[in-house]
Amino acid sequence: MTDTQTQIENRPPSVATLFLERVAATPDAEAYRYPVPSRDGGKDEWKSLTWGEAAERVSSIAAGLMALGVRAEERVALAAATRLEWILADLGVLCSGAATTTVYPSTNAEETAFILADSESRVLIAEDAAQLAKARERRAELPHLSHVVVIEEADAKPAADDPADFVLSLAELERRGAEHREKNPTCVKESVAALRADQLATLIYTSGTTGRPKGVRLAHDAWAYMAVAIETAGMVTAEDVQYLWLPLAHVFGKVLTAGQITAGHVIAVDGRVDKIVENLPIVRPTYMAAVPRIFEKVYNGVASKAREGGAAKYRIFQWAAGVAREYARVSQDNFRRTGNRSVPAGLAAKHRIADALVYGKIREAFGGRLRAAVSGSAALAPEIGFFFAGAGIHILEGYGLTESSAASFVNPGEAYRTGTVGKPLPGTEVRIAEDGEVLLRGPGIMQGYHGLPEKTAEVLESDGWFHTGDIGELSVDGYLRITDRKKDLIKTSGGKYIAPAEVEGQFKAVCPFVSNILVHGANRNFCTALISLDEPTIMKWAEEHGQGGRRYEDVVASDAVRALIDGYVERLNEGLQRWQKIRKFRILPRDLDIEHGEVTPSLKVKRPVVEASFQHLLDEMYAGTREA
């Protein structure tokens, strides 16, 4: 038995156990960094918390929940943005023996009430007055909810008609917890010691692309497995500084907090997306995770800045981008064949010049120390992946679902292959079904959907194999490539199958103005596309081309922008099979967003919602054809 197998098989029963072990091992080491807004409106001040200091707060939160009467496996909901208190509260819930129900702060009152009711959550830990108001608005539908704990102390104000003790601040909960610990000094350690591996730890409601969200039941063992597997796979080390901004209500963000505990590295946590560019040079991370949309935005931003510098500067960027892609492809191919990343001397010379002119500035924008970036939640366009790889930003694509605790596959360090999601984590099994569907089995797989045995039976076989709904291919040496969602595959009226994500990814690589694209063509005799444009990028272009001062919706409706995007569609079509080509397209008057329900909080496009919202544009493109 290998050391890796031993570690995986002999893992502790819970992340709470791992947390107490980490605190005991390195109490004075830095665990978290977090921003404190400046009172005078200047730059934020970053502060630190050691593992020992974090443990004091976590233990007080856990004991505070016990003092409120919360018992093992009862649910405590958490509705807040990504911030230090989210992590501490989640660990407090786990150490108390209860289970965390995650709620996106962007979720509306109706769906928040559904999640709280379906999970039978006893307590809601709410970020601020806005999250408290959602619980108040639907309180009649929430018979199990006895307390709302508000993180922002100033917002923890009881209303006249609130039940007694309904609202309290997180600070007050911690004070009550400290008092409870004085009377019962070993209560938290005893609670953690009593945790079973199969005990419910987390209910994460899938935002999904269709229908009501389903509560995914993840046991303590799933997170303990992820924490140990991430470390044994070498994804993180004790020396790393990780920048965490992803939504912690999403499984991708939450799994990163589990992996940190085993390695013991520092997490700099700030969920404000508008602060990413400002924070990177301050945090100077060695490791971070993001969704593809962020890398697309960075790429589009770099291209846009080069274009602003004039024709010569833009030509240099385009040349450097081509060199980066060629360099990445050749070096990865050589590494696969020979174990080293050598490239021909001529290409190496061009790469050195491009590095001095372009790539170094890109690396500095990420803080200058980035060892690796993990991309997940959706497919990253290979052309964008190759660009960053050639520029020295190593994007390790990974793959997983809420139902598999997020991290089922990840590209292995230096041996990463752009365009694949890498190899399975130690302890995870994979096989490809006859129809191409990816099936997974292992400790990270969910127990089932909360209260939905029929839905569980549809995807989880009795022998533990989980049907992901994704279509993929395995290389002979175990690298997985996801080609599309099973339900998203398009079959044209001519009988040809098309993977829309593949075409969409290629377009994002050639068009620096695109924000989102949805390829349509099921049961049609040709493919069309709905395209939304990135507002900052297209508005800069508009200023340079005589449309300064116009509104976004007027700019994207102009003939000039139509002709601009048509050129990129033509370039896309040059590399596609006849049946894949985009024959017609429409530019949307606005970008897709969470508010209209068109993308999930992890920025996945909800195809049925988008097609319903813009059905009139699809009908217009197919008017006069046999299928229209």
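These remarks concern the structure in this document. (Residues numbered from 1 in each chain as written. Predicted model: local features only at pLDDT ≥ 70, side-chain atom pairs only at ≥ 80, totals over all residues. Heavy atoms only, no water.)

**Section: the pattern of salt bridges**
Here's step 1: Following the criterion strictly, the structure yields 43 salt bridges and no others.
Here's step 2: With a closest N to O distance of 2.8 Å, R57 and E174 form a salt bridge. Residue R57 is located in helix α3 (residues 51-67), and its partner E174 is located in helix α7 (residues 170-183); the two are separated by 117 residues in the primary sequence.
Here's step 3: Given the relative accessible area of 24%, R57 is considered partly exposed.
Here's step 4: R481 serves as the salt-bridge partner of E473, at 3.2 Å between the closest nitrogen and oxygen.
Here's step 5: Assessed through its relative accessible area of 43%, E473 is described here as partly exposed.
Here's step 6: Given a relative accessible area of 32%, R481 falls into the partly exposed group.
Here's step 7: When salt bridges with common partners are traced through the structure, they connect E153, D165, E172, R175 and R176 into a single cluster. (Salt bridge = Lys/Arg side-chain N within 4 Å of Asp/Glu carboxyl O. Helix = DSSP H or I, 4+ residues; strand = E, 2+ residues; numbered from the N terminus. Buried < 20%, exposed > 50% of the residue type's maximum accessible area, 1.4 Å probe, protein only.)

**A short note on the pairing of strand β17 (residues 429-432)**
Here's step 1: Summarising the sheet, β17 and strand β18 (residues 437-441) pair through 4 bridges and their orientation is antiparallel. The residue of β18 that forms the bridge with V430 is L440.
Here's step 2: Here β17 hands over to β18 after 4 residues, with G436 in that stretch at a positive phi of 90°. (Pairing = 2+ DSSP bridges.)

**Quick word on the sheet that holds strand β24 (residues 514-520)**
Here's step 1: Spatial strand order, β24-β25-β26: 3 strands in an open sheet with mixed pairing. The sheet terminates laterally at β24 and β26 (582-587), the two strands that pair on one side only. Each strand of the sheet is rotated relative to its neighbour by a mean of 25°, with strand direction disregarded.
Here's step 2: Examined bridge by bridge, β24 and strand β25 (residues 527-533) share 6 bridges and lie antiparallel to one another. Following the sheet pairing, I517 is matched in β25 by I531. (Axes fitted to C-alpha atoms, helices over the stretch in contact; angles between N-to-C directions.)

**Thoughts on the nonpolar core**
What tends to happen in soluble globular proteins is that the nonpolar side chains get buried as a cluster.
Here's step 1: One finds Y32, F388, F507, I531, L533, I538 and I565 to be the most contacted residues of the largest nonpolar core, which totals 166 residues.
Here's step 2: With sequence-adjacent residues up to four places away left out, F388 is seen in contact with F295, V298, Y299, I362, F366, I393 and I395.
Here's step 3: If you look at the next biggest cluster of nonpolar residues, it comprises 21 residues, including L124, A126, L145 and A156. (Core = buried A, V, L, I, M, F, W, Y, C linked by side-chain atoms within 4.5 Å. Contact = heavy atoms within 4.5 Å.)

**Here's the deal with the sheet that holds strand β1 (residues 30-36)**
Here's step 1: Strand order in the open sheet formed by 9 strands is β2-β1-β11-β10-β12-β13-β14-β15-β16, and the pairing between neighbours is mixed. Of all the strands in the sheet, just β2 (45-50) and β16 (423-424) have a single pairing partner and so form its edges.
Here's step 2: In this structure, strand β13 (residues 372-375) lies alongside strand β14 (residues 395-399), joined through 3 bridges in parallel fashion. Across the sheet, the residue bridging to S375 is E397, located in β14.
Here's step 3: On top of the sheet, helix α11 (residues 276-283) reaches β1, β2, β10 (241-244), β11 (266-269) and β12 (287-290); it is set at about 170° to β10, its chief contact.

**Brief notes about the packing of aromatic side chains**
Here's step 1: One pass over the structure, following the stated rule, counts 13 aromatic pairs.
Here's step 2: An angle of 65° between the planes, with centres 6.0 Å apart, marks the rings of F295 and F388 as edge-to-face. With F295 in helix α12 (residues 292-308) and F388 in helix α15 (residues 382-390), this pair connects stretches of sequence that are 93 residues apart.
Here's step 3: Following the ring pairs from residue to residue traces out a cluster consisting of F295, Y299, Y314, F317, F366, F387 and F388.
Here's step 4: Cation over ring: K214 sits above Y449, and NZ or CZ is 5.1 Å from the ring centre. (Phe/Tyr/Trp six-rings, centres within 6.5 Å; stacked < 30°, edge-to-face > 60°. Lys NZ or Arg CZ within 6 Å of the ring centre and 35° of its normal.)

**A few points about a nonpolar patch on the surface**
Here's step 1: On the surface, a nonpolar cluster with roughly 340 Å² of combined accessible area is contributed by I316, W319, I353 and L357.
Here's step 2: Elements represented by at least two residues in the nonpolar patch include exactly α13 (311-338) and α14 (345-365).
Here's step 3: Summarising the element assignment, I353 is placed in helix α14. (Patch = residues over 30% accessible without salt bridge, like charges linked within 9 Å, V, L, I, M, F, W, Y side chains within 5 Å. Areas by Shrake-Rupley, 256 points an atom, 1.4 Å probe, with all protein chains shown as cover.)

**So, helix α20 (residues 559-574)**
Here's step 1: With 16 residues, α20 should reach 22 Å at 1.5 Å per residue; the first-to-last C-alpha distance of 23 Å fits that figure.
Here's step 2: Residues V561, L564, I565, Y568, V569, L572 and N573 constitute the buried set of α20.
Here's step 3: Buried-residue contacts for α20 involve α13, α17 (500-510), β25, α18 (535-544), α19 (552-556) and β26. (Expected span 1.5 Å × (residues − 1).)

**Considerations on the environment of D593**
Here's step 1: Along the polypeptide, D593 turns up in the loop between β26 and α21 (607-613).
Here's step 2: Along the chain, D593 and G400 lie 193 residues apart, while their C-alpha atoms are 23 Å from each other.
Here's step 3: The contacts of D593, once residues within four sequence positions are left out, are E598 and V599.
Here's step 4: At a separation of 2.8 Å, a polar atom in the side chain of D593 contacts the main-chain amide nitrogen of H596. (Polar contact = N/O pair within 3.5 Å; in protein donor to acceptor, adjacent residues only side chain to side chain.)

**What about empty space enclosed by the protein?**
Here's step 1: Inspection of the entire model under this criterion finds 3 cavities of 30 Å³ or more.
Here's step 2: In this model, the largest cavity occupies a volume close to 50 Å³.
Here's step 3: Lining the largest cavity, in full, are V15, D90, L91, L94, W223, K254, T257, A258 and I261.
Here's step 4: Listing elements by their share of the lining of the largest cavity, those giving two or more residues are α4 (84-96) and α10 (251-263).
Here's step 5: Ranked by residue count, the leading element in the lining of the largest cavity is α10, at 4 residues.
Here's step 6: For the lining of the largest cavity, the per-class residue count stands at 6 nonpolar, 1 polar and 2 charged. (1 Å grid on protein atoms, 1.4 Å probe; cavity = no way out; pocket = protein on both sides within 12 Å on 5 of 7 lines; lining within 4 Å. Points joined across faces, edges and corners; volume = space filled by probe spheres on them. Nonpolar A, V, L, I, M, F, W, Y, C, P; charged D, E, K, R; others polar.)

**Some words on the side chain of R11**
Here's step 1: As for its position among the elements, R11 is in the loop between α1 (3-9) and α2 (15-25).
Here's step 2: Within the local environment of R11, its side chain forms a polar contact with the side chain of D221, the two groups lying 2.7 Å apart.

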